[in-house]
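Working through the structure, step by step
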Amino acid sequence: LRALMPHTQINGGVIMTIKTKKMAFAFGIVVLSIALALLVCMSFLPKPMLHGDYPYYPDVESITNAADVIIVGEVVTAREVKYLMVDKTPNKSDKEATPYTLSTVKVIDVIKGDIGIGDVITIKQLGDYRNKPEATLHEMDGYLVKGTDQLMFLCEYEDSPYSPVNPAQGIIEVKNGVLHSNNRYSLFGYSTDAANAIHTNNSLDVAVESIKKFAD
């Protein structure tokens, strides 16, 4: 009997190891199931967004007058998120930095403003495009994309990157000389019918001529 005791202990140890592995496997399945359930639940939660208050421009004259700089540019880099301190309220102690999505743009054509062709400027768009975007930009998929050409109506700041006059109207994509916008408030390039996008009123050349009538 004594000779059998070590063998029995070894078998018991083997049995305990198998049970432990089974328990660990079952526990892992439970944890994985909980994690997947949380991911599914989070996907149905509304995305946190920023909501800005912007002026609306009813015509080409008003948006041209509002912009300090109007250009056609190529997006060189895009979608770098930085927190910027834009609150300039004097004697305010609780100022907070704001998330912006930054892009650099090479100037192709200058329609208005003190800027040169070939200059590379930085554009800021409100919000973290991935985690906390600006509502209008998120809805219209309006954050700049590298390699695209854009018609831009911009506000100029002394110590901050340029900003579009508003998200809906300030930046319009240019594709093969035709303007395209996903926002119904845009003065250029928006159409509910894709076939109408090739009409001359959405031509970049026609838009530039109409802007130049009101540019200084």
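Residues numbered from 1 in each chain as written. Predicted model: local features only at pLDDT ≥ 70, side-chain atom pairs only at ≥ 80, totals over all residues. Heavy atoms only, no water.

1. Comments concerning the confidence of the model for the chain
- Averaged over every residue, the pLDDT of the chain is 85; the share at 70 or more is 82%.
- Confidence drops under pLDDT 50 across residues 1-5; counting only partners more than four residues distant or on other chains, this segment forms 0 contacts. (pLDDT = per-residue confidence, 0-100. Contact = heavy atoms within 4.5 Å.)

2. Some remarks on the packing of aromatic side chains
- A full pass over the atoms with the stated rule returns 3 aromatic pairs.
- A ring pair is formed by Phe153 and Phe188, whose centres lie 6.1 Å apart and whose planes are at 5 degrees; its orientation type is stacked. Taken together, the residues Phe153 in strand β5 (residues 149-155) and Phe188 in the loop between β8 (178-180) and α4 (204-212) connect sequence positions 35 residues apart. For the pair Phe153 and Phe188, one class covers both residues: buried.
- Its guanidinium or amino end placed over the ring of Tyr100, Lys124 lies 5.8 Å from that ring's centre, counting from NZ or CZ. (Phe/Tyr/Trp six-rings, centres within 6.5 Å; stacked < 30°, edge-to-face > 60°. Helix = DSSP H or I, 4+ residues; strand = E, 2+ residues; numbered from the N terminus. Buried < 20%, exposed > 50% of the residue type's maximum accessible area, 1.4 Å probe, protein only. Lys NZ or Arg CZ within 6 Å of the ring centre and 35° of its normal.)

3. Describing the nonpolar core
- Leu151, Phe153, Leu179, Phe188 and Ile211 are the most contacted members of the largest nonpolar core, which totals 19 residues.
- Mapped by element, the contributors of at least two residues to this core are α2 (60-66), β1 (69-84), β5, β7 (171-175) and α4.
- The biggest single contributor to this core is α4, with 4 residues.
- Among all residues touching Leu151, those that are not within four sequence positions of it are Ile70, Ile71, Val72, Ile111, Gly170, Ile171, Ile172, Val174, Leu179, Phe188 and Ile211.
- With 13 residues, the next largest nonpolar core counts Val105, Ile121, Ile123 and Met152 among its residues. (Core = buried A, V, L, I, M, F, W, Y, C linked by side-chain atoms within 4.5 Å.)

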